[in-house]
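Residues per chain are reported as follows:
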Amino acid sequence: MSETGSAPGAAAALLKLGFAKGQIVQEFGYDADVDNDLRFDIEDVVGADLEDEDFKDGADGVVIWYRDGDDDLVDLMVDGLTKLFDQGYVVLLTPKAGRAGHVDASEVEEAASTAGLQTGGQVAISHDWVAIRLMPPKGPRR
């Protein structure tokens, strides 16, 4: 594992988080500190480039890179949720504990609840980032 690279078994973890071949995945919160190896791993799994924040169509999945001090987390979650097709999912990526920008789990839980999402567990997905799957309520949204 490289210092900035994805963790061993990252591809299996990405599948567990919901990423699959043929999906459209939109990305929010991209900045210079994101893990590009992890981004490339996601693109490899889905077989396409990640769509940026300006993407207007729906998505099967949304990736949100979030650090303490970024814009409002609830707003980002709601923005991501509104882009999803039925059965879509959101994966929140936050810095690991002890890293700059770390977000406390209670803050994530509170924001997810306010946004109408449920957390589905945390996965150490790369050297510096953890992934948290956020699931919308069951049933059609559109």
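These figures come from a predicted structure and were not determined experimentally.

A. Examining the overall build of the chain more closely. Looking only at helices and strands, one finds four helices and five strands in the chain. The globule rule puts the C-alpha radius of gyration for 142 residues at 14 Å, and the 14 Å found for the chain is close to it. Referenced to the eigenvectors of the C-alpha coordinate spread, the extents of the chain come out at roughly 40 × 35 × 25 Å. Here the analysis covers contacts within the chain between residues at least 6 apart in sequence; of these, 76% occur between residues at least 24 apart.

B. Seen up close, the pairing of strand β1 (residues 25-28). The alternating pattern of β1 places Val25 and Glu27 on one face and Gln26 and Phe28 on the opposite face, and all of these are buried. The sheet contact formed by β1 and strand β2 (residues 59-65) spans four bridges and is parallel. When the bridges of β2 are listed, Val25 appears paired with Gly61. Taken together, β1, helix α2 (residues 36-46) and β2 constitute a β-α-β crossover, and its handedness is left-handed.

C. Local environment of the pattern of salt bridges. According to the stated counting rule, one finds four salt bridges in the structure shown. In this structure, the salt-bridge partner of Asp128 is Arg99, at a minimum N-O distance of 2.6 Å. Within this pair, whereas Asp128 is found in the loop between β4 (118-124) and β5 (129-135), its partner Arg99 is found in the loop between β3 (84-95) and α4 (105-114), the two being separated by 29 residues in sequence. Classification of Asp128 as partly exposed rests on a relative accessible area of 26%. With relative accessibility at 31%, the residue Arg99 sits in the partly exposed group.

Rules behind the numbers
Residues numbered from 1 in each chain as written. Predicted model: local features only at pLDDT ≥ 70, side-chain atom pairs only at ≥ 80, totals over all residues. Heavy atoms only, no water. Helix = DSSP H or I, 4+ residues; strand = E, 2+ residues; numbered from the N terminus. Rg over C-alpha atoms; globule rule 2.2 N^0.38 Å. Contact = heavy atoms within 4.5 Å. Buried < 20%, exposed > 50% of the residue type's maximum accessible area, 1.4 Å probe, protein only. Pairing = 2+ DSSP bridges. Right-handed = clockwise from strand over helix to strand, strands pointing away. Salt bridge = Lys/Arg side-chain N within 4 Å of Asp/Glu carboxyl O.

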